[in-house]
Amino acid sequence: SGPLLKVENLTKHYPLGTGFLNKTIPVVRAVEDVSFSVEAGETLCIVGESGCGKSTVARLLMRLVEPTAGRVLIDGTDIAGLKKNALRAWRRRMQMVFQDPYSSLNPRLTVEKIITEPVENFERLSRKQRKALAAELLRKVGMSPEMMNRLPSELSGGQRQRLGIARALALQPSLIIADEAVSALDVSVQAQILNLLLDLQQQMGIAFVFISHDLGVVEHIGHRVAVMYLGRIVELAPCEALFAKPVHPYTEALIAAAPIPDPTRVRLEAPVEGEVPSPINPPSGCAFHPRCPIAVERCRIDVPPLVPMADGRVVACHVRAPVTDLLEQSNVIAG
Ligand code: SF4
Ligand code: MG
């Protein structure tokens, strides 16, 4: 069987306002030709500075926005084509945990109502069933069932994030998309929530797409890591290999700026010198070239393709992963 989630050439351009006759409308190139897959029970992290398109990828995966091009497949089925029952079934399998659980929780509902609501969208529960389900979900995320009568405003930030996770777990999803799910929390609470996610993954075999700007968090939780820069994946590698030996100059700079002996410590918003250029008019060729210490002439002209390396990673860089490697490999394969 194939991967649980497969993303093919996903692209999202947002037009900025409406144009006049014959006048080109400026476009935000939020996500550009992104492809990856996630196996059942695996954690794929997506990392990069803010504005690199990570959250747009999350919204595309959840079908909260439609792609300009490309496809999202769950168990080989294109989610864009899902109708009625299939769409409902898919909605059960994929859940999202947000950065700020408070803004995604209805402040007027009790904890019990909030965490059982996803199930009640699908089936009627008796009062007794609802209480039993709420107690079970609270226990799963390390909270006392006595909390079920509280309101979100009566909970701490860490408790609210546990609640957001309990709600996501209610439908026993195969995949959880977490967008900066621990970024708003204190470091000690952050570590607790990450360990909770790791435990839940072990127990329930849940796959995660874990989006974060924080390399410490990513190193702690990721199996594989996709590094994004201005809407594109520039390197995708097994987590250990990426941190041990980054290949793309952007990955290298990110990691060099964040030596991370303590996974709960580092939080960097813009560790690389210079600003992230605007996605409205991104630099030509390799979009990283204005900030790249090893750029060559060709970097301003051609977009580097993602080239598979011998250790299983892919890298988009004319210098570090030249296409000649790709040609040599295909010659080997061709015999
Ligand atoms: Fe730097 Fe060129 Fe590689 Fe881009 S393609 S990362 S500019 S060397
Ligand atoms: Mg974001």
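Identification of the chain as Peptide/nickel transport system ATP-binding protein from Rhizobium loti is taken from an unreviewed UniProt entry. Listed in UniProt under the heading Subcellular location (unreviewed entry), the comment for the chain reads: "Cell inner membrane". As stated in UniProt under Sequence similarities (unreviewed entry), the record for the chain gives "Belongs to the ABC transporter superfamily."

Draft legend 1. Region of the structure containing the overall build of the chain. When helices and strands are tallied, the chain shows eleven helices and twelve strands. A total of 335 residues make up the chain; the buried ones form 39% of that total.

Draft legend 2. Geometry of the pairing of strand 8 (residues 207–212). Buried residues dominate strand 8, accounting for six of its six residues. By the alternation rule, side chains of strand 8 split into Ala207, Val209 and Ile211 and Phe208, Phe210 and Ser212, which are all buried. Here strand 3 (residues 43–47) runs beside strand 8; their pairing, made up of five bridges, is parallel. Bridge pairing in strand 8 places Leu44 opposite Val209. Both strand 7 (residues 175–179) and strand 8 contribute to a ladder of five bridges, which runs parallel. Counted as the bridge partner of Ile176 is Phe208 from strand 8. Regarding topology, helix 7 (residues 187–204) serves as the crossover connection from strand 7 to the parallel strand 8, and that connection is right-handed.

Draft legend 3. Highlighting the site of ligand 1. By nearness alone, 14 residues border ligand 1, and Cys286, His289, Cys292, Cys299 and Cys317 come closest of all. Grouping the constituent residues of the shell around ligand 1 by class yields ten nonpolar, three polar and one charged.

Draft legend 4. Inspection of the nonpolar core at higher detail. The biggest cluster of nonpolar side chains holds 85 residues, and the ones touching the most others in it are Ile46, Ala166, Leu175, Ile177, Val209, Val227 and Tyr229. For Tyr229, the residues in contact, after removing those within four places along its chain, are Gly48, Cys52, Val234, Tyr250, Ala287 and Phe288.

Draft legend 5. The packing of helix 6 (residues 157–169) against helix 7, seen in detail. Where helix 6 contacts helix 7, the two axes come as close as 10 Å, and the packing angle between them is 20 degrees. Here helix 6 lies roughly parallel to helix 7, going by the angle between them. Our pair here, helix 6 against helix 7, has a crossing hand that is right-handed. Two secondary-structure elements touch here, helix 6 through Gly157, Gly158, Gln161, Ile165 and Leu169 and helix 7 through Val189, Gln192, Ile193, Leu196 and Leu200. Split into classes, the residues belonging to the contact of helix 6 with helix 7 amount to six nonpolar, four polar and no charged.

Draft legend 6. Structural detail: the environment of Gly216. Looking at where Gly216 falls in the secondary structure, it is placed in helix 8 (residues 215–221). The spacing of Gly216 and Ala258 is 42 residues in sequence and 8.0 Å in space, taken between C-alpha atoms.

Draft legend 7. Looking closely at the sheet that holds strand 4 (residues 69–74). Taken in spatial order, the four strands of this open sheet run 2-1-4-5, and their pairing is antiparallel. Pairing within the sheet leaves two strands with one partner each, and these edge strands are strand 2 (27–38) and strand 5 (77–78). Where strand 1 (residues 5–15) meets strand 4, five bridges bridge the pair, whose relative direction is antiparallel. Considered in strand 4, the bridge of Lys6 is made with Leu73. Lying on the sheet, helix 1 (residues 54–61) is in contact with strand 1, strand 2 and strand 4; it crosses strand 2 at an angle near 65 degrees.

Draft legend 8. Summary view of the sheet that holds strand 10 (residues 232–238). If you trace the eight strands from one edge of the open sheet to the other, you get 6-7-8-3-9-10-12-11, paired in mixed fashion. The strands lining the two open edges of the sheet, one partner per strand, are strand 6 (94–97) and strand 11 (307–308). In terms of strand pairing, strand 3 meets strand 9 (residues 224–229) through four bridges, oriented parallel. Its bridge partner being in strand 9, Val47 is matched across the sheet by Val227. Sitting on the sheet, helix 6 touches strand 6 and strand 7, and the angle it makes with strand 6 is about 175 degrees.

Draft legend 9. Summary view of the environment of Ile115. Among the structural elements, Ile115 can be located in helix 4 (residues 111–120). Judged by the 32 C-beta atoms lying within 10 Å of it, Ile115 is buried. In contact with Ile115, not counting residues within four places along its chain, are Ala134, Leu137, Leu163, Ala166, Arg167 and Ala170.

Draft legend 10. Region of the structure containing the pairing of strand 7. Among the five residues of strand 7, five are classified as buried, and the element is accordingly described as predominantly covered. Burial along strand 7 is two-sided: Leu175, Ile177 and Asp179 and Ile176 and Ala178, pointing in opposite directions, are all buried. In the sheet, strand 6 pairs with strand 7 via four bridges, with the strands oriented parallel. When the sheet's bridge partners are listed, Met94 is paired in strand 7 with Leu175.

Reading the values: the criteria
Residues numbered from 1 in each chain as written. Chains lettered and ligands numbered in written order. Predicted model: local features only at pLDDT ≥ 70, side-chain atom pairs only at ≥ 80, totals over all residues. UniProt positions renumbered as here; feature names shortened; annotations may be inferred. Helix = DSSP H or I, 4+ residues; strand = E, 2+ residues; numbered from the N terminus. Buried ≥ 20, exposed ≤ 12 C-beta atoms within 10 Å, placed from the backbone. Pairing = 2+ DSSP bridges. Right-handed = clockwise from strand over helix to strand, strands pointing away. Near = placed C-beta within 6 Å. Nonpolar A, V, L, I, M, F, W, Y, C, P; charged D, E, K, R; others polar. Core = buried A, V, L, I, M, F, W, Y, C linked by C-beta atoms within 7 Å. Contact = placed C-beta atoms within 7 Å. Axes fitted to C-alpha atoms, helices over the stretch in contact; angles between N-to-C directions. Parallel < 35°, antiparallel > 145°, perpendicular 65-115°, else oblique. Left-handed = near helix turned anticlockwise from the far one by under 90°.

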